[in-house]
Amino acid sequence: MEDYNMPVTGTDIWYYYICHREVWLMKHQIAPDQEDESLDIGRFISEMYYKRDKKGMSIGNIVVDRIRQEDGQLVIGEVKKSSRYIKSAKMQLLYYLDTLRKMGIYAKGELLFPEERKKEMVEWTEEAKEELEQAIEHIRRIARMPVPPERKKIPFCAKCAYREYCWAEE
Ligand code: SF4
């Protein structure tokens, strides 16, 4: 079982840079509070601000918010609510870029923060790829833990879908 390469998704990557406990809960399919509004807000903002673009496009098993071409190169875009978690957003997009490269598609990425009227380009590099691989390996180690990592109070807890699970008694 040690050699089994557990699948890791873009969502896992995003949460990895926020909270390792959340990664464990998701990998163990612990259902979050389904009525939590924070689960849908990102999609809502995407629809509000980028109506003219094709949304939810998929390439293989990657689903991205936006796809366009620039100077003959594919540019994939992710719409985010704010740049507060920009590290997560960058690494998630990098994961998509890396997956596309494995399919022979050399794309660039852009992060879109419509509420802030901000855009940031993300490019695949050897260094970024190495960081990504270390994160993926660490996610697999977290997922193999028999119990979740200790909870830690961070600002994200306030809007996390697992906040009841983690902090109900407080
Ligand atoms: S509530 Fe906080 S500690 Fe619990 S999973 Fe969410 S972010 Fe992590």
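The name given to the chain in an unreviewed UniProt entry is CRISPR-associated exonuclease Cas4, and the organism recorded there is Anoxybacteroides tepidamans.

## Points about the UniProt feature "coiled-coil region" (unreviewed entry) in the chain
Sites flagged by UniProt as "coiled-coil region" (unreviewed entry) map to residues 115-145. Between the first and last C-alpha atoms of residues 115-145 the distance is 38 Å; the span itself is 61% helix and 16% strand.

## Details of the pattern of salt bridges
Following the criterion strictly, the structure yields 15 salt bridges and no others. Across the pair E133 and K129 runs a salt bridge, and its minimum N-O distance is 2.9 Å. Of this pair, E133 and K129 both sit in helix α5 (residues 126-144), four residues apart, which is roughly one turn of that helix. Of the residues examined, K129 reaches a relative accessible area of 14% and is grouped as buried. The residue E137 makes a salt bridge to R144 at a minimum N-O spacing of 3.7 Å.

## Some remarks on the packing of aromatic side chains
Aromatic ring pairs are reported here in terms of the distance separating the ring centres and the angle at which the planes meet. For the structure on display, the rule yields eight aromatic pairs. Between Y15 and F156, the aromatic rings sit 6.2 Å apart at their centres with planes inclined by 70°, giving edge-to-face as the arrangement. Of this pair, Y15 sits in helix α1 (residues 10-16) while F156 sits in the loop between α5 and α6 (163-167), and the two are 141 residues apart along the sequence. Clustering of aromatic rings is evident, with ring pairs tying together W14, Y15, Y85 and F156. Here the basic side chain of K118 rests over the ring of F113, its NZ or CZ set 5.9 Å away from the ring centre. The lysine or arginine in question, K153, covers the ring of W167, its NZ or CZ lying 4.1 Å from the ring centre.

## Digging into the nonpolar core
Core analysis: the largest hydrophobic core is formed by 40 residues, its most contacted members being I13, W14, I76, Y96, L132 and F156. Every element with two or more residues in this core is listed here: α1, α2 (20-27), β2 (62-64), α4 (86-102), β5 (108-113), α5 and α6. Take this core: its biggest share by element is eight residues, from α4. In contact with I76, not counting residues within four places along its chain, are I59, V64, R66, I67, L93, Y96, L97, L100, K108, G109 and E110.

## Concerning the site of the ligand
If you check the shell around the ligand, you find C19, R21, E22, K152, I154, F156, C157, C160, Y162, R163, C166 and W167 and nothing else. Counting atoms within 2 Å of the grid points, the majority share of the ligand lands in the largest cavity. Residue assignment for the shell around the ligand shows that the elements contributing at least two residues are α2 and α6. When grouped by side-chain class, the residues that make up the shell around the ligand number eight nonpolar, no polar and four charged.

## A few points about the sheet that holds strand β6 (residues 118-122)
In space, the four strands of this open sheet follow the order β3-β4-β5-β6, with mixed pairing throughout. The sheet is open, and its two edges are formed by β3 (66-70) and β6, each paired on a single side. Across the sheet, the axes of successive neighbouring strands diverge by a mean angle of 25°, strand direction being ignored. Both β5 and β6 contribute to a ladder of five bridges, which runs antiparallel. Note on β6: the bridge partner recorded for L111 is E120.

Definitions and cut-offs
- Residues numbered from 1 in each chain as written.
- Predicted model: local features only at pLDDT ≥ 70, side-chain atom pairs only at ≥ 80, totals over all residues.
- Heavy atoms only, no water.
- UniProt positions renumbered as here; feature names shortened; annotations may be inferred.
- Helix = DSSP H or I, 4+ residues; strand = E, 2+ residues; numbered from the N terminus.
- Salt bridge = Lys/Arg side-chain N within 4 Å of Asp/Glu carboxyl O.
- Buried < 20%, exposed > 50% of the residue type's maximum accessible area, 1.4 Å probe, protein only.
- Phe/Tyr/Trp six-rings, centres within 6.5 Å; stacked < 30°, edge-to-face > 60°.
- Lys NZ or Arg CZ within 6 Å of the ring centre and 35° of its normal.
- Core = buried A, V, L, I, M, F, W, Y, C linked by side-chain atoms within 4.5 Å.
- Contact = heavy atoms within 4.5 Å.
- Near = heavy atom within 4 Å.
- 1 Å grid on protein atoms, 1.4 Å probe; cavity = no way out; pocket = protein on both sides within 12 Å on 5 of 7 lines; lining within 4 Å.
- Sits in = over half its atoms within 2 Å of the grid points.
- Nonpolar A, V, L, I, M, F, W, Y, C, P; charged D, E, K, R; others polar.
- Pairing = 2+ DSSP bridges.
- Axes fitted to C-alpha atoms, helices over the stretch in contact; angles between N-to-C directions.

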